[in-house]
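# Summary of structural features
For reference, the chains in residue letters:
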Amino acid sequence: MAVHSKASTTWKGGLADGSGTTALASGVATVGVNWKARAEGSADTTTPEELLAAAHASCYSMALSHALGENGTPPTQIDVTAEVTFVPGEGVRSSVLTVSATVEGIDQVKFGEIAEDAKDNCPISKALGGVHLSLESATLLD
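For the structure given in this document, a descriptive report is provided here. Quantities reported herein were computed from a predicted structural model and do not represent experimental measurements.

### A closer look at the sheet that holds strand β4 (residues 75-87)
Spatially, three strands are ordered β4-β5-β6 in an open sheet, and the strand pairing comes out mixed. Only two strands of the sheet have a single partner each, and these edge strands are β4 and β6 (132-141). Each adjacent strand pair in this sheet contributes to an overall mean axis angle of 15°, direction not counted. In this structure, β4 lies alongside strand β5 (residues 91-103), joined through 12 bridges in antiparallel fashion. Across the sheet, the residue bridging to Thr85 is Ser94, located in β5. On the sheet, helix α3 (residues 108-121) packs against β5 and β6 and is oriented at approximately 150° with respect to β6.

Structure below.
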């Protein structure tokens with residue numbers, strides 16, 4: 001069965017002077033967006049790329065948890081950061097994942113292999129096929 005996820009944005013004004021709000025259909029979040037935050041960064045306004053980073057980090061953590069479970073070494077905890085780079089005039093250039101996890105019964109080499117495979121195969125990674133994807137670090141915690 002397919003699951004359909006929705007979000008909507010209302011934008012007012014031109015690109016440089018306008019702004020909008022993006023709402024998740026689930027109702028769990030409504031956030032402000034604007035071009036200045038997207039082009040220059042902002043501590044109090046989100047961007048499409050920040051939302052994409054959230055999607056990539058959450059999808060990857062699920063894919064890695066599944067793969068570790070399939071290996072017989074389910075994780076105790078996984079912490080993932082995704083950093084999406086946007087260049088005005090060019091678009092989204094990359095998404096870099098950093099992961100640390102607590103997993104019993106696995107060594108660093110095997111963990112790194114599973115982490116890399118999860119990066120290649122999580123659905124959001126696949127959706128980002130035209131973007132450079134990398135796993136910056138995969139650290140197994142004690």
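### Side note on the packing of aromatic side chains
For any pair of aromatic rings, the description rests on two quantities: the centre-to-centre distance and the angle between the ring planes. The tally for this structure, following the rule as stated, stands at one aromatic pair. On the numbers, 6.0 Å between centres and 85° between planes, the contact of Trp35 with Phe86 is edge-to-face. Of this pair, Trp35 sits in helix α1 (residues 35-40) while Phe86 sits in strand β4, placing them 51 residues apart in sequence. On the basis of relative accessibility, which here comes to 23%, the residue Trp35 falls in the partly exposed class. Under the relative-accessibility criterion, Phe86 is labelled buried at 17%. A cation over an aromatic ring shows up here: Arg38 above the ring of Phe86, its NZ or CZ 4.3 Å from the ring centre.

Scoring rules and cut-offs
Residues numbered from 1 in each chain as written. Predicted model: local features only at pLDDT ≥ 70, side-chain atom pairs only at ≥ 80, totals over all residues. Heavy atoms only, no water. Pairing = 2+ DSSP bridges. Helix = DSSP H or I, 4+ residues; strand = E, 2+ residues; numbered from the N terminus. Axes fitted to C-alpha atoms, helices over the stretch in contact; angles between N-to-C directions. Contact = heavy atoms within 4.5 Å. Phe/Tyr/Trp six-rings, centres within 6.5 Å; stacked < 30°, edge-to-face > 60°. Buried < 20%, exposed > 50% of the residue type's maximum accessible area, 1.4 Å probe, protein only. Lys NZ or Arg CZ within 6 Å of the ring centre and 35° of its normal.

Functional significance is not addressed by these values, which are geometric in nature.
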